[in-house]
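Close look at the chain arrangement
Next come the chains, spelled out residue by residue.
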Amino acid sequence: MTEKRQRDYAWDGAGATNLPTVPGTALLVQMSFDDAGQPRPSPATTAETEVEVMFFDTDCGGVVSNIAYLRFFEVARTRLTDALGLTLAEMSETQIFPAVARTEVDYRKPAKLGDRLRISAGIDRFEKVRMHCHFEMRRIGGDEAVIAECRQVCVLVQMPEGRPRRIPSEWLALRES
């Protein structure tokens, strides 16, 4: 999945690349170096996104409901798989999707209507068919408080059969470097 995208990236020597970007998302890229010592980008194992808490995210007291937190984490996980090379368009084309097998959330402080939140996502480890992710949600501005932390186990699934797929070797190689 990521092999073709890696070949398309260009490094201009001054720190700029033609890496794809998603509006509202900071793509954090791990760097590797070729035999000549020149940096070359590799798929990222971290990503960030920002959200603003809207009316539909809250209960009658203006506090974010539990289901909205899961949606925020879902957006961050989607950005993370995009950074790994599995874009939404590629998911649609290949019918391979990351399915959540387990989610664990620790709520630290309430997020409220109008808050701007930054969600950082990362990979803890890969197994044969599983990817273990972690997330941290912080308020932007003011106290910069940790709002919630989340851990997920995801499985790549081939649809419509619903069969698990092996984690791509390119992804496994990221954690070995």
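Residues numbered from 1 in each chain as written. Predicted model: local features only at pLDDT ≥ 70, side-chain atom pairs only at ≥ 80, totals over all residues. Heavy atoms only, no water.

1. Structural notes on helix α2 (residues 66–84)
Look at α2: 27 Å from first C-alpha to last across 19 residues, which is about the 27 Å you get at 1.5 Å a residue. Listed in full, the buried residues belonging to α2 are Ala68, Tyr69, Phe72, Phe73, Ala76, Arg77, Thr78, Leu80, Thr81, Asp82, Ala83 and Leu84. One or two steps after α2, the chain reaches Gly85, where phi turns positive at roughly 115°. (Helix = DSSP H or I, 4+ residues; strand = E, 2+ residues; numbered from the N terminus. Expected span 1.5 Å × (residues − 1). Buried < 20%, exposed > 50% of the residue type's maximum accessible area, 1.4 Å probe, protein only.)

2. Observations concerning the pattern of salt bridges
This model, assessed by the stated rule, comprises 16 salt bridges. Taking the shortest distance from any N to any O, the salt bridge between Glu48 and Arg118 comes out at 3.9 Å. Here Arg118 lies in strand β6 (residues 116–126) and Glu48 lies in strand β4 (residues 46–52), a separation of 70 residues in the sequence. Glu48 sits in the partly exposed class, given a relative accessible area of 22%. Between Arg71 and Asp57 there is a salt bridge whose closest N-O contact spans 2.0 Å. Note that Arg71 is positioned in helix α2 and Asp57 in the loop between β4 and α2, a separation of 14 residues in sequence. Overall, the relative accessible area of 2% leaves Asp57 in the buried class. (Salt bridge = Lys/Arg side-chain N within 4 Å of Asp/Glu carboxyl O.)

3. Some details on the nonpolar core
Judged by nonpolar contacts, the single largest core of 33 residues is most densely connected at Phe72, Phe73 and Met131. Looking at this core, the elements that each hand over two or more residues are β4, α2, β5 (96–107), β6, β7 (130–139), β8 (146–158) and α4 (169–176). Here this core gets seven residues from one element, more than from any other, and that element is α2. Other than its neighbours up to four places away in sequence, Met131 contacts Thr81, Leu84, Ile123, Arg125, Phe126, Gln152, Val153, Cys154, Ile167 and Trp171. (Core = buried A, V, L, I, M, F, W, Y, C linked by side-chain atoms within 4.5 Å. Contact = heavy atoms within 4.5 Å.)

4. Quick word on the pairing of β6
Pairing of β4 with β6, which is carried by seven bridges, proceeds in the antiparallel orientation. Of the residues in β6, the one forming a bridge with Glu48 is Ser120. In terms of strand pairing, β6 meets β7 through nine bridges, oriented antiparallel. The residue of β7 that forms the bridge with Arg125 is His132. Between the antiparallel neighbours β6 and β7 lie three residues. (Pairing = 2+ DSSP bridges.)

5. Things to note about the packing of aromatic side chains
In this description, a pair of aromatic rings is defined by centroid distance and the angle of the planes. Counted according to the given criterion, the structure contains three aromatic pairs. When the centroid spacing of 6.0 Å and the interplanar angle of 40° are considered together, the rings of Phe126 and Trp171 count as tilted. Taken together, the positions of Phe126 in strand β6 and Trp171 in helix α4 put the pair 45 residues apart, joining distant regions of the chain. Of the two residues, Phe126 and Trp171, neither departs from the other in class, the shared state being buried. (Phe/Tyr/Trp six-rings, centres within 6.5 Å; stacked < 30°, edge-to-face > 60°.)

6. A closer look at the confidence of the model for the protein chain
Per-residue confidence for the protein chain gives a mean pLDDT of 79; residues scoring 70 or more make up 73%. Under a pLDDT of 50 for its full length, residues 1–34 has, in the predicted model, 67 contacts with residues more than four places off or in other chains. (pLDDT = per-residue confidence, 0-100.)

7. Some points on the environment of Arg165
Structurally, the position occupied by Arg165 is in the loop between β9 (163–164) and α4. Spatially, the C-alpha atoms of Arg165 and Phe97 are 9.4 Å apart, while their sequence positions differ by 68 residues. Engagement of the side chain of Arg165 in a polar contact is seen with the side chain of Gln158, the distance being 2.5 Å. (Polar contact = N/O pair within 3.5 Å; in protein donor to acceptor, adjacent residues only side chain to side chain.)

8. Details of unusual backbone geometry
Negative phi values dominate among residues other than glycine, just as trans dominates among peptide bonds. Note the cis peptide between Met159 and Pro160, where omega equals 5°. Located in the positive-phi region is Gln95, a residue other than glycine, with phi close to 60°. Structurally, Gln95 is set in the loop between α3 (88–94) and β5. For Gln95, a relative accessible area of 32% translates into the label partly exposed. A positive phi angle is found at Glu144, which is not glycine, with a value near 55°. Given the relative accessible area of 34%, Glu144 is considered partly exposed.

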